[in-house]
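Okay, here's what each chain looks like letter by letter:
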Amino acid sequence: MVSIKSEREIALMKEAGHYNYLTHEELKKHLKPGVTTEELDKVASDFAKKNGCILSCLGYEGFPKSICVSINDEVVHGIPGKRKIKNGDIVSIDFTLKYKGYESDSARTYIIGDVSDEVKNLVKYTEEALYVGIKEVKAGAKIGDIGNAIENFAHSHNLSVVEELVGHGIGTNMHEEPDVPNYGEKGKGYTLKEGMTICIEPMLNLGKRYVGMLDDGWTIVTEDGSYSAHFEHTVLVTKDGYEILTGE
Ligand code: MF3
Ligand code: CO
Ligand code: CO
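Notes on the structure follow. (Residues numbered from 1 in each chain as written. Chains lettered and ligands numbered in written order. Predicted model: local features only at pLDDT ≥ 70, side-chain atom pairs only at ≥ 80, totals over all residues. Heavy atoms only, no water.)

A look at the overall build of the protein
Next, step 1: Per the secondary structure count, the protein includes 4 helices and 15 strands.
Next, step 2: Radius of gyration (C-alpha) of the protein: 17 Å, near the 18 Å computed for a compact globule of 248 residues.
Next, step 3: Seen through its C-alpha atoms, the protein measures out along the principal axes to roughly 45 × 45 × 30 Å.
Next, step 4: Counting only residues that meet the buried cut, the protein has 54% of its 248 residues in that class.
Next, step 5: Counted over contacts in the protein with a minimum sequence separation of 6, partners at least 24 positions apart contribute 71%.
Next, step 6: Counting every atom, the protein has about 10800 Å² of accessible surface; 50% of that belongs to carbon and sulfur.
Next, step 7: The averaged location of the 40 negative side-chain charges in the protein is 4 Å from the averaged location of its 28 positive side-chain charges. (Helix = DSSP H or I, 4+ residues; strand = E, 2+ residues; numbered from the N terminus. Rg over C-alpha atoms; globule rule 2.2 N^0.38 Å. Buried < 20%, exposed > 50% of the residue type's maximum accessible area, 1.4 Å probe, protein only. Contact = heavy atoms within 4.5 Å. Areas by Shrake-Rupley, 256 points an atom, 1.4 Å probe, with all protein chains shown as cover. Lys, Arg positive; Asp, Glu negative; His and termini not counted. Charge placed at Lys NZ, Arg CZ, Asp CG, Glu CD.)

Examining the packing of aromatic side chains
Next, step 1: Enumeration according to the criterion identifies 3 aromatic pairs in this entry.
Next, step 2: With a centroid separation of 4.9 Å and 50° between ring planes, the pair formed by Y19 and Y99 is classed as tilted. Residue Y19 is found in helix α1 (residues 7-30), and its partner Y99 is found in strand β4 (residues 90-99); the two are separated by 80 residues along the sequence.
Next, step 3: Pairing Y125 with F153 gives two aromatic rings, centres 6.1 Å apart and planes at 75°, and the pair type is edge-to-face. On the criterion of sequence distance, the pair formed by Y125 in helix α3 (residues 117-134) and F153 in helix α4 (residues 143-156) is long-range, its members being 28 residues apart. (Phe/Tyr/Trp six-rings, centres within 6.5 Å; stacked < 30°, edge-to-face > 60°.)

Re the state of the cysteines
Next, step 1: Following the criterion strictly, the structure yields 0 disulfides and no others.
Next, step 2: Cysteine C57 is unpaired, with the sulfur of C68 as its nearest cysteine sulfur at 4.5 Å.
Next, step 3: Owing to a relative accessible area of 7%, C57 belongs among the buried residues under this scheme.
Next, step 4: The thiol of C199 is unpaired, and the distance to the nearest cysteine sulfur, on C57, comes to 11 Å.
Next, step 5: For C199, a relative accessible area of 0% translates into the label buried. (Disulfide = S-S within 2.5 Å.)

So, α4
Next, step 1: A rise of 1.5 Å per residue sets the reference length of α4, with its 14 residues, at 20 Å; its end C-alpha atoms lie 20 Å apart and thus fit the reference within 8%.
Next, step 2: Across the 14 residues that make up α4, a large majority, 11, are buried.
Next, step 3: Buried within α4 are the following residues: I143, G144, D145, I146, G147, N148, A149, I150, E151, F153 and A154.
Next, step 4: Turning to α4, the residues buried within the fold contact α3, β6 (160-161), β8 (176-180), β9 (197-200) and β10 (203-205).
Next, step 5: Just downstream of α4 lies N158, where phi reads positive at about 60°. (Expected span 1.5 Å × (residues − 1).)

Quick notes on the coordination of the cobalt ion (ligand 2)
Next, step 1: Note on the cobalt ion (ligand 2): its protein donors are D94 (OD), D94 (OD), D105 (OD) and E232 (OE). The metal-donor distances range over 2.0 to 2.6 Å.
Next, step 2: Geometry at the cobalt ion (ligand 2) is irregular, judged from its 6 donor atoms and the angles of 55 to 170° they form at the metal.
Next, step 3: Of note, the cobalt ion (ligand 2) draws all its donor residues from one chain, in the sequence arrangement D-x10-D-x126-E. (Donors = N, O, S within 2.8 Å, 3.2 Å for Na, K, Ca; no water. Tetrahedral: all angles 85-135°; square planar, octahedral: opposite > 155°, others 65-115°.)

Comments concerning the environment of T126
Next, step 1: Tracing the backbone through its elements, the reader meets T126 in helix α3.
Next, step 2: Taking the C-alpha atoms as reference points, T126 and E201, 75 residues apart in sequence, are found 9.3 Å from one another.
Next, step 3: Beyond its immediate sequence surroundings of up to four residues, T126 is in contact with N121, P202, L204, A229, H230 and F231.

Examining the site of ligand 1
Next, step 1: What surrounds ligand 1 is a group of 14 residues, the closest being D94, D105, H175, E201 and E232.
Next, step 2: One of the side-chain nitrogen or oxygen atoms of T96 is found 3.2 Å away from a nitrogen atom of ligand 1.
Next, step 3: H175 places a side-chain nitrogen or oxygen 2.7 Å from an oxygen atom of ligand 1.
Next, step 4: Alone, ligand 1 offers 340 Å² of accessible surface; in the complex the protein occludes 97% of this.
Next, step 5: Among the residues forming the shell around ligand 1, the class breakdown is 6 nonpolar, 4 polar and 4 charged. (Near = heavy atom within 4 Å. Polar contact = N/O pair within 3.5 Å; in protein donor to acceptor, adjacent residues only side chain to side chain. Nonpolar A, V, L, I, M, F, W, Y, C, P; charged D, E, K, R; others polar.)

Okay, here's the thing in structure tokens:
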């Protein structure tokens with residue numbers, strides 16, 4: 001079921017989104033070569049707790065940590081552990097944060113030190129693809145408009161679009177209807193309504209679009225080993241457009 005949020009719920013979603021943003025900003029300060037991904041996990045969970053928030057990836061369908069950290073050819077759902085971030089890595093950080101019962105979901109990919117121009121472009125265009133998708137959002141637009149815009153933009157920069165994982169509605173649950181794919185046909189799919197909150201989250205690869213899963217049962221990697229980037233915002237649908245809830 002697609003939920004339409006009341007004024008009161010929208011206010012709470014905005015607060016959750018703000019704490020999500022602040023947690024990303026806190027993590028950014030610690031993102032340097034030598035830091036382990038489980039140290040980042042602790043930074044995020046301590047910071048969230050201090051602000052009265054819960055990181056709801058912990059225990060979600062058995063996920064063992066509070067945030068997802070996915071490096072280089074890892075697309076999403078990387079499990080924090082002993083691995084150290086190093087120069088030349090790209091690091092995607094994705095988490096869902098709950099405040100007073102309402103969820104916010106956002107992801108960013110960071111470049112650590114020296115990477116090739118090709119990898120720089122992957123990260124830059126994946127972030128741009130998120131905004132290309134967001135610009136389609138308004139009451140009356142279709143889910144397919146978002147995916148179509150993202151897909152066309154990605155292909156115009158020779159990047160491929162992961163299809164196995166998609167964006168989603170969000171509210172009191174991390175994942176609600178409808179699905180929000182990063183591909184699709186203009187004018188097709190569910191019609192957006194004022195008061196819906198959705199997550200748009202392009203995952204783009206330098207190589208082919210195909211992905212697999214590591215033996216840990218979570219980490220999604222590109223099949224060809226090429227680098228992958230991921231950006232995500234939680235967005236409110238308004239009468240004339242949108243409001244980004246995890247933007248600041
Ligand atoms: N934040 C992710 C999303 O964008 C979901 C994380 S999966 C989990 O939908 F298991 F880590 F929770
Ligand atoms: Co997410
Ligand atoms: Co999401």
